[in-house]
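Coordinate analysis (summary)
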Protein chains: 2
Amino acid sequence: MERLFTSNLKLGIIAGGQLGKMLIQEASRWDITTLVMDPEENCPAGSIATHSIVGSPQNYEDVYNFGKKVDVLTFELENVNVEALRRLKAEGLCIAPDPDVLELIQDKGLQKQLYSQKGFPTAPFKLYEDKQALLQDMATGVLTLPFVQKLRKGGYDGRGVAVIRTQDDVATMLEGPCLVEDLVDLHKEIAVIAARNIQGDVRSFPVVEMAFDPKANLVEKLICPAELDVALAVQAQEIAEGLVRELNMVGVLAVEFFLDAKGELLVNEVAPRPHNSGHHTIESVITSQYEQHLRCVLGLPLGSTRLKMPAVMLNLLGEPGYAGPVRYEGVAQSMALEGVKVHLYGKKYTRPMRKMGHVTIIAPTLEAALEKADQVKDWIKVVS
Amino acid sequence: MERLFTSNLKLGIIAGGQLGKMLIQEASRWDITTLVMDPEENCPAGSIATHSIVGSPQNYEDVYNFGKKVDVLTFELENVNVEALRRLKAEGLCIAPDPDVLELIQDKGLQKQLYSQKGFPTAPFKLYEDKQALLQDMATGVLTLPFVQKLRKGGYDGRGVAVIRTQDDVATMLEGPCLVEDLVDLHKEIAVIAARNIQGDVRSFPVVEMAFDPKANLVEKLICPAELDVALAVQAQEIAEGLVRELNMVGVLAVEFFLDAKGELLVNEVAPRPHNSGHHTIESVITSQYEQHLRCVLGLPLGSTRLKMPAVMLNLLGEPGYAGPVRYEGVAQSMALEGVKVHLYGKKYTRPMRKMGHVTIIAPTLEAALEKADQVKDWIKVVS
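The sections below set out a description of the structure shown in this document.

**Section: the interface of chain A and chain B**
The interface of chain A with chain B comprises 45 residues on the first partner and 45 residues on the second. In total, chain A and chain B occlude about 4200 Å² of area from one another, counting both sides; carbon and sulfur atoms represent 53% of this. Taken as a group, A:F5, A:R29 and A:M335 account for 18% of the area that chain A buries against chain B, more than any other trio of residues on that side. On the surface where chain A and chain B come into contact, there are 4 salt bridges. A:E338 serves as the salt-bridge partner of B:R306, at 2.9 Å between the closest nitrogen and oxygen. Of all the secondary structure elements, the ones that give two or more residues to the side of chain A that touches chain B are α1 (18-27), α8 (281-284), α9 (289-297), β18 (327-329), α10 (331-335) and β19 (340-344) of chain A. Looking at the side of chain A that touches chain B element by element, the count peaks at 5 residues for β19(A). Class assignment of the residues belonging to the side of chain A that touches chain B gives a composition of 21 nonpolar, 11 polar and 13 charged.

**Describing unusual backbone geometry**
In this structure, B:P146 follows B:L145 across a cis peptide bond, with omega equal to -10 degrees. Position of B:P146 among the secondary structure elements: in the loop between α6 (131-139) and β7 (147-151). The peptide bond linking B:C224 to B:P225 adopts the cis configuration, its omega dihedral lying at 5 degrees. Non-glycine residue A:F5 carries a positive phi angle of around 60 degrees. Summarising the element assignment, A:F5 is placed in the segment before β1 (10-14). Look at B:D31: it is not a glycine, yet its phi comes out positive at around 60 degrees. Mapped onto the elements of the fold, B:D31 is located in the loop between α1 (18-27) and β2 (33-38).

**Some remarks on the side chain of A:Q25**
Inspection of the secondary structure assignment puts A:Q25 in helix α1. We classify A:Q25 as buried; its relative accessible area is 5%. Engagement of the side chain of A:Q25 in a polar contact is seen with the side chain of B:S28, the distance being 2.6 Å. A polar side-chain atom of A:Q25 sits 2.6 Å from a polar atom in the side chain of B:R29.

**As for a nonpolar patch on the surface**
Residues and elements named next belong to chain B. Taken together, the side chains of V161, V163 and L183 make up a nonpolar region of the molecular surface, amounting to roughly 180 Å² of accessible area. Of note, L183 is situated in the loop between β9 (178-182) and β10 (186-196). The partly exposed category is assigned to L183, whose relative accessible area is 31%.

Rules used throughout
- Residues numbered from 1 in each chain as written.
- Chains lettered and ligands numbered in written order.
- Predicted model: local features only at pLDDT ≥ 70, side-chain atom pairs only at ≥ 80, totals over all residues.
- Heavy atoms only, no water.
- Contact = heavy atoms within 4.5 Å.
- Buried area = accessible area lost by both parts, 1.4 Å probe.
- Salt bridge = Lys/Arg side-chain N within 4 Å of Asp/Glu carboxyl O.
- Helix = DSSP H or I, 4+ residues; strand = E, 2+ residues; numbered from the N terminus.
- Nonpolar A, V, L, I, M, F, W, Y, C, P; charged D, E, K, R; others polar.
- Buried < 20%, exposed > 50% of the residue type's maximum accessible area, 1.4 Å probe, protein only.
- Polar contact = N/O pair within 3.5 Å; in protein donor to acceptor, adjacent residues only side chain to side chain.
- Patch = residues over 30% accessible without salt bridge, like charges linked within 9 Å, V, L, I, M, F, W, Y side chains within 5 Å.
- Areas by Shrake-Rupley, 256 points an atom, 1.4 Å probe, with all protein chains shown as cover.

See below:
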């Protein structure tokens, strides 16, 4: 890392979506040459990366060849070819987080086993080889409705998950190695991002609350700080910090929790990278999650996670019924409100529910931010 | 501007130094394709611009050809070929600020005439055709020592200015059309950035104080908010807002003031673009000067200039005695302090006093920020 702070450091990022783009926005402040690899030539990060390379994160050759071009390699997604990473690591490349961490987190079954083995609270679960084994457990009464089925690999953004409440839902069950867990009687969902740097220092960000749209059953907005009992907030941060230590990982780890109706925290899942639940840190925290991730992987001291102002974050999703070249309505109107910070990712085409951008609203009080968030949500539409 | 918020807007920026780079960091948040033109292929902005073009801002053909590639054209410096801009404007290109504003500001004589004609306070001055005319006024006793000589065109960062205190200094006088102004009995220097958008709305940022290093006679740090009587702060903001209105310009205008020993404000000079005195706004104000400039030139509503936290800004200058490939010492150590935000511009080579980066220190109180700034100033060295 002797090239750090010399104008000669090459940072590689796999892949080039919005998370990669926001990592580059921070990296560009430190005179770091950025290379991004993504399957799409016109990926969001491509417009500001120093060099943009087309390749598949799952392809051995693509990952290996990309790794040979850089001094430090990191990720905006966990589904990366681990064999190629292991060869690069053996050849001396600085990779963070470690390939072992990615491999573990690629498999939700291994994730759950880690939680239960190491004493992190999580919903009771059982692993299955395939749908048949699961159906057999149902037939014998070992497994009863309702439950949640999750594919062990490949799911994201709600894909790879089936909620099985009734016999009718059984037809929607997914094929493949999976886990089944108890359906949690949910009070709310919260998230904490914890960071660990090369030196082993650990620090977490303030707790975020995901407020759901009851109609669409989707995260409607994220609120920071979460409206939560202080003891629970501290507990969530301690669990997140414990997990990043347990994984021995370098970088930021986003930990999503269920808070159940009995007031108990349960780890839902983790992501070893910057995360949707940390977008607001760009404007509302002294150190953003992106800067913190870079500090971690570059061996720098951790930055302060002190809140500058409360924040609400809205995802800008493609409006149902529109698919085609994107157009954003209501943006200028929203930007007239104090503290409304618009981020558009640079995806050329919209489709229903695609994540096209986000808006962070900062204000001196959370109440003021929530009020403006309702306005912005009414005004901004992602159409074509 | 119907392409704004569609993924199809091309913004051109002349040129690609640190100010252009920080403009692009903001523009990249709004899905804007950025093109930068600079004489140097490896200019700071080049590493994150969508497209980087080599060309001279003073060359007619280069400016004209660059303008034909973009939808909106703006600037990080004022010394641009105005004839090319006029032709582009006649052909329908959206240019902000207007070529007329650039032309006026390229000439410090015209600047001073505007201040005195329109009632903006400024030090008394007189225009001269050349050094000979000036020497003649000295010989006849019309002009007496001490005074300041400024070339009307081409000066920046202290170049093009000669302070003539004694007969010995006369040998250092500059050749060319110039102005002479009274040497102000300086109490302090302050600056205000005012912004005016296409709609004609005007808003200014909090007043900044430039604290000088008495040994080097250089701006050592910038402090925001300035330690200043409120009435004076309001007056400075009103003058800055009045000037941006008077110029009828679109974009941000940085106004530098002298505050003399009698407590009177005098306009020193202005720059119609983001400015060194506004770097701290990235972290310490809800809207940065860069975002505000973009809001202006894109016809968006102005953003809030409310301070999130007090800030101190240090320029990182090339250490005397070093010239060559740059290396930064003490950066990691400084980043361990809460609220220390490092910006390295990406210039490959350092030389004595070259602006290589800056550090903004934000803290809940100005005192805390000042204390940390002293530490950081001791620690960070730009060497080779």
